[in-house]
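Structure assessment
These are the residues of each chain, in order.
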Amino acid sequence: MARALKDRSRCLFFSSSSRLPLLKNLHRSFETLAYEEIRVDPERPTKSTALVLHGLLGSGRNWRSFSRSLVSSIPGSEEWRMVLVDLRNHGRSAGLKGLEPPHNMESAAKDLADLVKSHGWAWPDVVIGHSMGGKVALAYADSCSHGDYGDSAILPKQLWVLDSVPGDAVSDSDGEVENVLKTLQSLPSTLPSRKWLVDQMLNHGFSKSLSDWIGSNLKKAGDGMTWAFDLQAAIDMFHSYREKSYWSLLENPPKGLEIALVRAENSDRWTQPVLQRLESLSSRPEEPDRGKVSLHVLPRSGHWVHVDNPKGLLEIMAPNFFFGS
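Residues numbered from 1 in each chain as written. Predicted model: local features only at pLDDT ≥ 70, side-chain atom pairs only at ≥ 80, totals over all residues. Heavy atoms only, no water.

Thoughts on the overall build of the chain
Formally: Starting at the N terminus, helices and strands are each numbered in turn, a helix being any DSSP run of H or I of at least four residues and a strand any DSSP run of E of at least two. For each residue, the accessible area found with a 1.4 Å probe, counting protein chains only, is set against the maximum for its type, and the residue is called buried under 20%, exposed over 50%, and partly exposed in between. Only heavy atoms matter for contacts: two residues are in contact if any of them lie within 4.5 Å across the pair. Each accessible area value is a Shrake-Rupley result obtained with a 1.4 Å probe; residue values ignore everything except the protein chains displayed when judging cover.
Counting its regular elements, the chain contains twelve helices and eleven strands. Here the chain holds 325 residues, and 55% of them are scored as buried. Across the chain, the fraction of contacts at a sequence separation of at least 24, relative to all contacts at a separation of at least 6, is 76%. A total accessible area of about 14600 Å² is found for the chain, and carbon and sulfur atoms account for 49% of it.

Below, the structure is given as structure tokens:
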């Protein structure tokens, strides 16, 4: 039976992954990405879809709570479904044989198109991506606009790129992610327990919140625990994330597409030249043959926008969310 979920507005939600094991197996039958749905009424057909993409070393479940709040807050909420995707090498998509190298932003974006095609879905109206997921969203729109997914593919109406720098980040990295990845590589492949991992991360100087979050990405493996992601493949994806630039897409967004970027006020990923460039793009006069770029600032938040200030993020996204036909 599907599990009913409630938020503060007392709206009922449906998560497809709760239909286990039948629906989980169905999601894997085409060797496409694992996913789950959140919608207001599981019995009512939906007309519009938003894909929700997590960041590096995360999974779709990281965005369950916020997605429930968002779908209940947008106009015509009963017509929408949020599809929370586990990107390649992450969560329940880790280890799937159909998701072959190269493990880069383009491949991760193509996985989304393959997911849509394999299930015969309508193409998504909105794609929401946090951190690395934001770059995947940009890659998806870029490839879609160039016809890489075939003639049937339809460009989304809106992207939400959440605290993800659209250009390359090779020279601007603060080193924390690299240090996390190096630390994880130094650990055994099978770990004694979640507590053991958290203690190891703390001993390497990482914060308690980050250590706990890393610890949440474990799964049972015999008498011990192992990663819920493919570490080496995720590292490959991180390198691609840092190297890829989508400034050309922002400078010339296709007609009918809005790219909405959200910068966390306390995030250290943004340089002044990048911010000035984005402010210039977002302040350009609208033109009929060009899409739109908008820039929003989320106050009182670091990089983990859906954790640090979910209410503020909702106040930005809900009134600006695409709901046209």
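Thoughts on the side chain of His54
As a reminder of what qualifies: Definition of a polar contact: a pair of N or O atoms within 3.5 Å, with one able to donate and the other able to accept a hydrogen when the atoms are protein atoms, and with sequence-neighbouring residues admitted only if both atoms are side-chain atoms.
Considering the arrangement of structural elements, one finds His54 in the loop between strand 4 (48-53) and helix 2 (64-73). There is a polar contact of 2.9 Å between the side chain of His54 and the backbone nitrogen of Leu87. Those residues in contact with His54 that lie beyond four places of it in its chain are Ser59, Gly60, Trp63, Val85, Asp86, Leu87, His90, His130, Met132 and Gly133.

Description of the pattern of salt bridges
Basically, it comes down to this: What counts as a salt bridge is simple: a side-chain nitrogen of Lys or Arg found within 4 Å of a carboxyl oxygen of Asp or Glu.
Evaluated as defined, the whole model comprises 14 salt bridges. Ionic pairing is found between Glu178 and Arg242, a salt bridge with its closest N-O pair at 3.3 Å. Taken together, the positions of Glu178 in helix 5 (residues 176-186) and Arg242 in helix 8 (residues 231-243) put the pair 64 residues apart, joining distant regions of the chain. If you follow the salt bridges from partner to partner, you end up with Glu37, Arg39 and Arg81 in one network.

Quick look at the packing of helix 2 against helix 12 (residues 310-320)
Applicable threshold: To get an axis, fit a line to the C-alpha atoms, keeping to the stretch in contact for a helix; angles then go from 0 to 180 degrees between the N-to-C directions. Whether a crossing is left-handed or right-handed is set by the direction in which the near helix is turned from the far one by less than a right angle, anticlockwise for left-handed and clockwise for right-handed. Residues are grouped as follows: Ala, Val, Leu, Ile, Met, Phe, Trp, Tyr, Cys and Pro are nonpolar; Asp, Glu, Lys and Arg are charged; all remaining types, including Gly, are polar.
For the pair helix 2 and helix 12, the least separation of the axes is 10 Å and the interaxial angle reads 35°. Taken as a pair, helix 2 and helix 12 cross one another with a handedness that is right-handed. When helix 2 is examined against helix 12, the residues Phe66, Ser69, Leu70 and Ser73 are found in contact with a partner set consisting of Pro310, Leu313, Leu314, Met317 and Ala318. For the contact of helix 2 with helix 12, the per-class residue count stands at seven nonpolar, two polar and no charged.

Quick word on the nonpolar core
Test applied: Throughout this description, the term nonpolar core refers to a set of buried Ala, Val, Leu, Ile, Met, Phe, Trp, Tyr and Cys residues connected via side-chain atoms within 4.5 Å.
Membership of the largest hydrophobic core comes to 68 residues, with the highest contact counts inside it found for Leu184 and Trp227. A per-element tally of this core places helix 4 (residues 132-145) first, with eight residues. Excluding anything up to four places from it in sequence, Trp227 contacts Leu184, Leu187, Leu191, Leu197, Ile214, Asn217, Leu218 and Lys219. One finds Ala50, Val52, Ala260 and Met317 within the second-largest nonpolar core, a separate group that totals 27 residues.

Section: the environment of Ile214
Within the fold, Ile214 resides in helix 7 (residues 208-215). It is 8.8 Å that separates the C-alpha atoms of Ile214 and Gly58, two residues lying 156 residues apart in sequence. Residues contacting Ile214, with those up to four places away along its chain left out, are Leu57, Val180, Leu184, Leu197, Met201 and Trp227.

Points about the pairing of strand 11 (residues 292-298)
Definition in use: The criterion for strand pairing is that DSSP finds at least two bridges linking the strands in question. For a crossover, the right-handed case is the one in which the path from the first strand over the helix to the second runs clockwise, viewed with the strands pointing away from the viewer.
Pairing between strand 10 (residues 258-264) and strand 11: seven bridges, direction parallel. Counterpart to Glu258 in the pairing with strand 11 is Lys292. With respect to chirality, the unit in which strand 10 leads through helix 10 (residues 272-282) into the neighbouring parallel strand 11 is right-handed.

Notes on helix 7
Quick reminder of the rule: Here the arc refers to the directions that run from the helix axis out to each C-beta atom.
Residues Leu210, Ser211, Ile214 and Gly215 constitute the buried set of helix 7. Taken down its axis, helix 7 places every buried residue within 140° of arc, on the same side. The inward-facing, buried residues of helix 7 contact helix 5, helix 6 (194-203), strand 8 (218-221) and strand 9 (224-227).

A closer look at the confidence of the model for the chain
Heads up, the rule is: Note: pLDDT gives the predictor's confidence per residue, expressed from 0 to 100.
On average, residues of the chain carry a pLDDT of 88, and 88% of them reach 70 or more. Here residues 1-12 scores under 50 on pLDDT; set against residues more than four positions off or in separate chains, the count is 27 contacts. A low-confidence stretch, residues 15-30 stays under pLDDT 50, and its non-local contacts, those more than four residues away or across chains, total 28 contacts.

Details of the packing of helix 6 against helix 7
At a closest axis distance of 9 Å, the pairing of helix 6 and helix 7 adopts a crossing angle of 145°. As for the relative orientation of helix 6 and helix 7, their crossing is right-handed in sense. Along its contact with helix 6, which presents Arg194, Leu197, Val198, Met201 and Leu202, the element helix 7 presents Lys208, Ser211, Asp212, Ile214 and Gly215. Broken down by class, the residue content of the contact of helix 6 with helix 7 amounts to five nonpolar, two polar and three charged.

Observations concerning helix 12
Three or more residues of helix 12 are buried, namely Gly312, Leu313, Leu314, Ile316, Met317 and Ala318. Packed against the buried residues of helix 12 are helix 2, strand 6 (126-130), strand 7 (158-162), strand 10, strand 11 and helix 11 (305-308).

So, the packing of aromatic side chains
Which entries qualify depends on this criterion: Working definition: a ring pair exists when centres of Phe, Tyr or Trp rings (six-membered ring for Trp) sit within 6.5 Å. Plane angles under 30 degrees give stacked, over 60 give edge-to-face, the rest tilted. Placement of a charge over a ring requires the Lys NZ or Arg CZ to be within 6 Å of the ring centre, with the centre-to-atom vector within 35 degrees of the ring normal.
Taken as a whole and assessed by the stated rule, the structure comprises seven aromatic pairs. For the ring pair Trp227 and Phe229, a centre distance of 5.2 Å and an interplane angle of 15° mean the geometry is stacked. On the basis of relative accessible area, Trp227 is assigned to the buried category, the value being 8%. Geometry around Trp121 places Arg81 over its ring, the cationic atom sitting 4.3 Å from the centre. In this structure, Lys135 is placed above the aromatic ring of Tyr241, and the distance from its NZ or CZ to the ring centre is 4.8 Å.

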